[in-house]
Amino acid sequence: MAQSFNELGRIEAIRQLFEGTPYRPFEAPVRFEAKPQECISSASGLLLEGIDFDLVYFPLKHLGRKAVLKVTGELYAVLAQPESLTVQLGVSAKLDFLQVQELWSGLVAAAQEHGYKHLSLDLQPSRNGLTIAVHATGRHGAAVSAARPKAHSKDLICVSGALGAAFLGLQVLERERLKFDKGSTDRAALEQYRMLVGSYLRPEMSPNLPAQLEDGKFTPSYGYFVTRGLADALLRLQRDSGLGVKVYADKIPFEGGSFDLGRELNLDPVSAAMNGGEDYHLLYVIPIAQYERFRTEFQTFDIIGHLAQPEAGAVLVSPDGLEHPVSAQGWTNPNPQ
């Protein structure tokens, strides 16, 4: 029978969770002493059961891994190397210690994969389901910031992977959950769209990307972690750069099966890419002068558009050449006409 947290106690539970990992529990708070040639960056994230994930179909180990990527991607967007990770878990009574161990194993594996040197954990009871709060800190050389070029019209907008896939995969999982609630399910559908489902449950991110960009002497003028849809990232880019943004619908990369599933669910994959969220990909702005070299050395990236003059606003260009103003949840009339 699985042990409960009442039997273990908070301190013993934390001690056991750290057993067999390269990290030590209860370490003193990490002190950061940035050298003159270094900068410190940080990122925080919160995942709430019933809003950000559903434990009916989300494996706990994958969930732990995804929680780490949620903040690690923000570090990679500014080319920072991960240094320390703080995790706080609000654990509800329905989870026993073995289930939290499974969640923790995913967190630890992702922390190791992405090179975190320090990892800390705190546990608290929760009456509202599982809560995961993560805070990450990373370092990058001051030379990286100093070398960041000024953005200009025609500079290239690049993304690191297929967009809209995670949102479409989530729709498959939700559809199958409803069938399960009614006493039936169709595993064939999950198998048919396994790449889309995997994009949501287990996103991939290269831990070598910041170093590869630095080694190749590519310093993006702007970088964003795309988790709330492409539209949100484009509006942030427009706001931060003061320039216009043009993205071409026929240049957006899609996972195989996106359009088949879109027809099945009556969902437009382009809309899923723009506003679906949960993609966990990186968007960088690269000087147009580096186009040929970047295209050769970073073939996993897709060039989907470019910066423009400020009066262009933020627009999505359809294959017929029409320009559609970009809008996103949380933004109020970002492109008034």
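Structure report, in brief. All chains use their own residue numbering, which begins from 1 and follows the written sequence. Only residues with pLDDT of 70 or above have their local features reported here, since the model is predicted, and side-chain atom pairs are shown and tallied only from 80 upward, although totals for entire chains, interfaces and linings are computed over all residues. Values reported for side chains reflect all heavy atoms of the structure, with hydrogen atoms and water molecules removed beforehand.

**So, the overall build of the chain**
The criterion, for reference: Helix numbering and strand numbering both begin at the N terminus, where a helix is a DSSP run of H or I of at least 4 residues and a strand a DSSP run of E of at least 2. In this treatment the radius of gyration is a C-alpha quantity, and the globule benchmark scales as 2.2 Å times the residue count to the 0.38 power. The rule is simple: take the accessible area with a 1.4 Å probe, protein chains only, and divide by the maximum for that residue type; under 20% is buried, over 50% is exposed, in between is partly exposed. Between two residues, a contact is recorded if the distance between any of their heavy atoms is within 4.5 Å. Note on areas: Shrake-Rupley, 1.4 Å probe, and residue coverage restricted to the protein chains presented here.
On a plain count of helices and strands, the chain comes out with 13 helices and 11 strands. For 337 residues, the compact-globule estimate of 2.2 N^0.38 gives 20 Å, and the C-alpha radius of gyration of the chain, at 21 Å, lies within 12% of that figure. The dimensions of the chain, computed from C-alpha atoms along their principal axes, are 65 × 60 × 35 Å. For the chain, buried positions account for 49% of its 337 residues. Relative to all contacts within the chain whose residues are 6 or more apart in sequence, the contacts with residues 24 or more apart total 84%. Summed over its atoms, the accessible surface of the chain is roughly 16500 Å², and 50% of this surface lies on carbon and sulfur atoms.

**Points about the sheet that holds strand E2 (residues 81–91)**
For clarity, the threshold we go by: DSSP bridges decide pairing: two strands pair if at least two such bridges lie between them. Helix axes are fitted to C-alpha atoms over the stretch in contact, other axes to C-alpha atoms as well, and angles between N-to-C directions run from 0 to 180 degrees.
Taken together, the 4 strands give an open sheet; going across it, the order is E1-E4-E2-E3, and neighbouring strands pair in mixed fashion. Both edges of this open sheet fall to strand E1 (38–48) and strand E3 (118–125), since each of them pairs with a single strand only. Averaged over neighbouring strand pairs, the angle between their axes works out to 10° when direction is ignored. Pairing between E2 and E3: 8 bridges, direction parallel. When the bridges of E3 are listed, Val 91 appears paired with Pro 125. Strands in contact with helix H3 (residues 60–77) are E1, E2 and strand E4 (131–141); relative to E1, the strand with the most contacts, it is inclined by about 145°.

**Regarding the packing of H3 against helix H4 (residues 97–113)**
We apply this condition: Oblique is the label for every angle not falling under 35 degrees (roughly parallel), over 145 degrees (roughly antiparallel), or within 65 to 115 degrees (roughly perpendicular). Crossing handedness is defined as follows: a turn of the near helix away from the far one that is anticlockwise and smaller than a right angle gives a left-handed crossing, while the clockwise case is right-handed. Note on residue categories: nonpolar means Ala, Val, Leu, Ile, Met, Phe, Trp, Tyr, Cys or Pro, charged means Asp, Glu, Lys or Arg, and polar means any other residue, Gly included.
Packing of H3 against H4 leaves a shortest axis separation of 7 Å and a crossing angle of 40°. Looking at the two axes, H3 sits oblique to H4. Along this stretch, H3 crosses H4, giving a crossing that reads as right-handed. For the pair formed by H3 and H4, the contact residues are Leu 60, Lys 61, Leu 63, Gly 64, Arg 65, Ala 67 and Val 68 on the first element and Gln 99, Glu 102, Leu 103, Ser 105, Gly 106, Leu 107, Ala 110, Ala 111 and Glu 113 on the second. A class-by-class count of the residues in the contact of H3 with H4 yields 8 nonpolar, 4 polar and 4 charged.

**A few points about the pairing of strand E8 (residues 281–286)**
Counting buried residues along E8, 6 of its 6 residues qualify, which places the element largely inside the surrounding structure. Every second residue of E8 is oriented toward a common face, with His 281, Leu 283 and Val 285 on one face and Leu 282, Tyr 284 and Ile 286 on the other, all of them buried. Pairing of strand E5 (residues 156–159) with E8, which is carried by 4 bridges, proceeds in the antiparallel orientation. The partner of Cys 158 across the bridge, within E8, is Tyr 284. Direction of pairing for strand E6 (residues 222–226) relative to E8: antiparallel, over a ladder of 5 bridges. Looking across to E8, one finds that Phe 225 is bridged to Leu 282.

**Describing the pairing of E5**
Here E5 shows no split at all, with Leu 156 and Cys 158 on one side and Ile 157 and Val 159 on the other all buried. Where E5 lies against strand E9 (residues 302–308), 4 bridges are found, and the strand directions are antiparallel. Paired with Ile 157 across the two strands is Gly 305, which belongs to E9.

**Details of the nonpolar core**
When a protein is soluble and globular, its nonpolar side chains tend to lie buried together. Put simply, the rule is: Grouping buried Ala, Val, Leu, Ile, Met, Phe, Trp, Tyr and Cys residues that are joined through side-chain atoms within 4.5 Å yields what is termed a nonpolar core.
Ranked by internal contacts, the top residues of the largest apolar core, which has 52 residues, are Leu 85, Val 87, Leu 89, Trp 104, Tyr 116, Leu 121 and Ile 132. If sequence neighbours within four positions are ignored, Leu 89 has contacts with Val 100, Leu 103, Leu 121, Asp 122, Leu 123, Gln 124, Thr 131 and Ile 132. Counting residues in hydrophobic clusters, the runner-up holds 28 residues, among them Val 159, Ala 231, Val 247 and Ala 273.

**Focus on unusual backbone geometry**
Glycine aside, a negative phi is what most residues show, and trans is what most peptide bonds show. In this model, Lys 217 sits at a positive phi of 60°, which is unusual for a non-glycine residue. Inspection of the secondary structure puts Lys 217 in the loop between helix H9 (209–215) and E6. With a phi close to 60°, Asn 266 is a non-glycine residue in the positive phi region. For Asn 266, the location among the structural elements is in the loop between helix H11 (258–265) and helix H12 (269–275). A residue is classified by how much of its surface remains accessible, and Asn 266, at 71% relative accessible area, is exposed.

These figures come from the coordinates and say nothing about function on their own.
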